[in-house]
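Commentary on secondary and tertiary structure
Given next are the chains, with one letter for each unit.
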Amino acid sequence: MSNDIRTIGFIGAGNMPQSILGGMIKGGYPASSIIVSNPSRPKLDMLEEKYGIYTSQDNHEIARKADVIVLSVKPQLMREVCEDLKANVQGWEDKLIITIAAGLRMDSYYEYFGNNIALVRVMPNTPSLVGEGVSGLVADANVSTTDRDFVTRVFDFVGITIWLEEEDAIDVLGAVAGSGPAYFFEFMHTLQRAAEELGIDSEQARAMVQQTCLGAAKMASESDFSLIDLRKQVTSKGGSTAKGVEVYQQAELGKISQRAVNAAVARNQEMAKLF
Ligand SMILES: NC(=O)c1ccc[n+]([C@@H]2O[C@H](COP(=O)([O-])OP(=O)(O)OC[C@H]3O[C@@H](n4cnc5c(N)ncnc54)[C@H](OP(=O)(O)O)[C@@H]3O)[C@@H](O)[C@H]2O)c1
């Protein structure tokens, strides 16, 4: 546990900030250094009771008290929330701003706050809600190395962090890690259906598929072999796995994945223009 403890203020108390701050506290970050604002009380009451953190319905108060601000409202509310913060709170050049809003580009925040802010844009994915996320991060030139280390630590509490050089790469990360859980669920569903078609009970088929997926992911994450080498290691020549894999290869699974990712990247780029 690093001793870089800063007061971190979440603006918005939805599912994603709840997971991040929950992960931080579980990982040993002091609850007394985490503060949150949200317009309505129920989530704040729950967070106060569960973690003993300080909460407020006043965004200004939380932004004033925080050294690091995590902007956690929906993208469509971001302009209104940021312009209101900028108009009512001083000292933005001394704070580190982190945004987790999907789609909204860094340029938008310079419009809201001016150019001399230190800004990190983070794209967490939904498995962060269960502590197994992938967060893609981009920082601007005002973000110091110690700031980067701090942000890495925050998002490592809910999974892994991947720093990207260019903001455009966030669209690719979104198309792979952001959309990826849906691709895996779709694929898992098709395997479950295939087992059911051959007479396996639905619950058993689901258990087989999800545990196999979990096991394969664990093997991959614990191994130094490439993914293709791991695949080869479980594919004996002339065996049943080889027959199954051949069917996927004939259907050109690689090209299908490329098309899926390209389509999602294109949509991310289109959506970024909507804000
Ligand atoms: N969930 C994900 O998997 C995921 C993944 C990547 C990125 N993100 C990003 O994370 C951000 C938060 O998402 P979420 O899933 O946590 O959303 P959410 O569960 O819908 O929560 C949004 C929260 O914002 C609060 N809010 C509304 N107006 C506000 C204001 N003026 N000031 C402060 N808070 C306000 C809402 O309060 P009330 O309940 O009182 O209305 C609500 O608690 C979004 O920008 C999203 O793009 C989420």
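Described in the following lines is the structure provided in the data block. (Residues numbered from 1 in each chain as written. Predicted model: local features only at pLDDT ≥ 70, side-chain atom pairs only at ≥ 80, totals over all residues. Heavy atoms only, no water.)

Re the sheet that holds strand S8 (residues 159–163)
Spatially, 8 strands are ordered S3-S2-S1-S4-S5-S6-S7-S8 in an open sheet, and the strand pairing comes out mixed. Looking at strand neighbours, the two that pair on one side only are strand S3 (54–56) and S8, the edges of this open sheet. Strand after strand, the sheet turns through a mean of 20° between neighbouring axes, direction not considered. Bridging between strand S1 (residues 8–11) and strand S2 (residues 34–37) involves 4 bridges; their strand directions are parallel. The residue bridging isoleucine 8 from the neighbouring strand is isoleucine 34, located in S2. Together, S2 and S3 form the strand contacts of helix H2 (residues 41–51), whose direction differs from that of S3 by roughly 170°. Together, strand S4 (68–71), strand S5 (96–99), strand S6 (118–124) and strand S7 (133–139) form the strand contacts of helix H5 (residues 106–113), whose direction differs from that of S6 by roughly 140°. (Pairing = 2+ DSSP bridges. Helix = DSSP H or I, 4+ residues; strand = E, 2+ residues; numbered from the N terminus. Axes fitted to C-alpha atoms, helices over the stretch in contact; angles between N-to-C directions. Contact = heavy atoms within 4.5 Å.)

Concerning the pattern of salt bridges
Side-chain pairs of opposite charge can arise whenever the charged atoms involved come near each other. Counted according to the given criterion, the structure contains 13 salt bridges. Linked through salt bridges whose partners overlap, the residues forming this network are Arg105, Arg121, Glu167 and Asp168. (Salt bridge = Lys/Arg side-chain N within 4 Å of Asp/Glu carboxyl O.)

Some thoughts on helix H1 (residues 15–26)
With 12 residues, H1 should cover 16 Å at 1.5 Å per step; its first-to-last C-alpha distance of 16 Å lies within 8% of that length. Buried residues of H1: Met16, Pro17, Gln18, Ser19, Ile20, Leu21, Gly22, Gly23 and Met24, and no others. Lining the buried residues of H1 we find S1, S2, H2, S6 and helix H6 (145–156). (Expected span 1.5 Å × (residues − 1). Buried < 20%, exposed > 50% of the residue type's maximum accessible area, 1.4 Å probe, protein only.)

Some thoughts on the site of the ligand
Met16, Asn38, Ser40, Lys43 and Val73 are the nearest of the 23 residues found near the ligand. The separation between an oxygen atom of the ligand and a polar main-chain atom of methionine 16 is 2.9 Å. For the ligand, whose free accessible area comes to 910 Å², the fraction covered by protein is 78%. Among the cavities detected, the one that contains the ligand is the second largest pocket. (Near = heavy atom within 4 Å. Polar contact = N/O pair within 3.5 Å; in protein donor to acceptor, adjacent residues only side chain to side chain. Areas by Shrake-Rupley, 256 points an atom, 1.4 Å probe, with all protein chains shown as cover. 1 Å grid on protein atoms, 1.4 Å probe; cavity = no way out; pocket = protein on both sides within 12 Å on 5 of 7 lines; lining within 4 Å. Sits in = over half its atoms within 2 Å of the grid points.)

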